[in-house]
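Structural description and commentary
For reference, the chains in residue letters:
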Amino acid sequence: MSITLARTRALYDLASVQGALERSKGRSPELEAFYERMLDTGAERFVTTPSSTAALAPLAADCPNFGEVLGDLGRYLGLAHASDGGGFNVMPILLLGDPGVGKTHFARGLAKVMQTEFELISMNALSAGFVITGSSASWKGAKCGKVAERLVRGHYANPVVVLDEVEKASGSAQSDPLAALYQLLEPETSRAFRDEFIDVEIDASQIVWVLTANSTDGIPCPLLNRMAVYEVPRPTAEQAVGIAQRIYRGLLAELRLWKFAPDLDNAVVDRLAPVSPRDMRKSLLDALGYAVAAGRDEVKVEDIRQKSGPGKARIGF
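These notes cover the structure that comes with them. The structure presented is a predicted model; accordingly, all values stated were derived computationally and were not measured. (Residues numbered from 1 in each chain as written. Predicted model: local features only at pLDDT ≥ 70, side-chain atom pairs only at ≥ 80, totals over all residues. Heavy atoms only, no water.)

1. Digging into the packing of aromatic side chains
Put simply, the rule reads: Aromatic rings from Phe, Tyr and Trp, taking only the six-membered ring of Trp, are treated as a pair when their centres fall within 6.5 Å; an angle between ring planes under 30 degrees marks them as stacked, one over 60 as edge-to-face, and anything in between as tilted. A helix here means a DSSP run of H or I that spans at least four residues, while a strand means a run of E at least two residues long, and both kinds are numbered starting from the N terminus. Throughout, exposure labels follow a simple rule: accessible area from a 1.4 Å probe, protein chains only, divided by the maximum for the residue type, with under 20% read as buried, over 50% as exposed, and the rest as partly exposed.
Tallied over the full model, the rule gives three aromatic pairs. Taken together, a centroid distance of 6.5 Å and an interplanar angle of 80° make the contact between Phe34 and Phe197 edge-to-face. Of the two residues, Phe34 is situated in helix H2 (residues 29-41) and Phe197 in the loop between strand S6 (193-194) and strand S7 (201-202); the sequence distance between them amounts to 163 residues. Note on accessibility: Phe34 and Phe197 belong to one class, buried. Consider the rings of Phe66 and Phe106, whose centres lie 4.5 Å apart with planes at 5°: the pair is stacked. Of the two residues, Phe66 sits in the loop between helix H3 (57-62) and helix H4 (67-82) while Phe106 sits in helix H5 (residues 103-114), which places them 40 residues apart along the sequence. Look at Phe66 and you get buried, because its relative accessible area is 2%. The class of Phe106 is buried, set by a relative accessible area of 0%.

2. A word on the pairing of strand S3 (residues 93-96)
Put simply, the rule is: Any two strands are treated as partners once DSSP identifies two or more bridges connecting them.
Burial along S3 is two-sided: Ile93 and Leu95 facing one way and Leu94 and Leu96 facing the other are all buried. Note: S3 against strand S8 (residues 208-213), four bridges, orientation parallel. Of the residues in S8, the one forming a bridge with Leu95 is Thr212. Judged from the four bridges that link them, S3 and strand S9 (residues 228-231) form a sheet pairing that is parallel. Looking across to S9, one finds that Leu95 is bridged to Tyr230.

3. Overview of the pattern of salt bridges
Which entries qualify depends on this criterion: Any carboxyl oxygen of Asp or Glu that lies within 4 Å of a side-chain nitrogen of Lys or Arg is treated as forming a salt bridge with it.
Taken as a whole and judged by the stated rule, the model has 15 salt bridges. Arg281 serves as the salt-bridge partner of Glu254, at 3.1 Å between the closest nitrogen and oxygen. Remark: Arg281 occurs in helix H13 (residues 277-293) and Glu254 occurs in helix H11 (residues 237-255); sequence separation between them is 27 residues. Relative accessible area serves as the criterion here: at 49%, Glu254 is assigned to the partly exposed category. The structure contains a network of salt bridges with shared partners spanning Glu117, Glu119 and Arg150.

4. Side note on the sheet that holds strand S5 (residues 160-164)
Each strand in a sheet pairs with its neighbour through backbone hydrogen bonds, running either in the same direction (parallel) or in the opposite one (antiparallel). The test is simple: To define axes, lines are fitted to C-alpha atoms, for helices over the stretch in contact only, and angles between the resulting N-to-C directions are given on a 0 to 180 degree scale. Working rule for contacts: check all heavy atoms of both residues, and any pair within 4.5 Å makes them a contact.
Taken in spatial order, the five strands line up as S4-S5-S8-S3-S9 in an open sheet, and their pairing is parallel. The outermost strands of the open sheet, each flanked by one partner alone, are strand S4 (118-122) and S9. Put simply, the sheet's adjacent strands are angled 20° from each other on average, direction ignored. Those strands touched by H4 are S3 and S9, and its axis lies near 145° from that of S9.

Here you go:
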């Protein structure tokens, strides 16, 4: 069994927060409340590191088409354990692949393996950076950004933060939603990240960044240079078989259907192979319902009634 090791790290200076609170009196009740929360919770947050590379095995089994990125993560984890008190340093990750190959699912699984928190920020049509970096307290309706919110309200200094569909973010020279990433994706500058709402330096250098995109089109080269870029293929037919069986066993445990066979018949798996795991779960849930309604404790091919949509079916998450 693999356990997760944890140490603590101070993310901000309490004296600076106290000073900012005193200067903000009468300006914004929301801002004062946020400073008070920072003082109440203290500056220390956990930084987690899996105790061995074996911790990545469940993720490798669940996401078999992510072998390249998992190989690198395994080496980074090995370096963490070989060093004298060093942490699990993960370069910002960009996962490229067709819709449905499992990019966001993989990031959730990584957070689970690391036993840390998870934050998903949809970049689709995002036109301003304040969602990430906050907006000035002088503005009406101002609030802090997602990064400061997660670090202050959370328990961990190294949450997995996903920027989903980053290539679809749009903006202008005056309001570039990607501008904040130039600071946040660099270890040196992210140690002194300053959210515009709270205007106090926060150490965001431990965040595990996972960006997802269908292609690199629309992503500036200076940003690409700050990331490790991985092309994620669709699962092979053999990998899809394993995914289908794992989803099926998970449903049996979730629904407590102990009388059903622990594995799907080969003909059923073949029927499911072209289906994305996202749709696979619904297809199997429906199939179990059809089987129970028919008084059976096994799923048959006729129970798989996946509706075919326009275009070619794809394998993925």
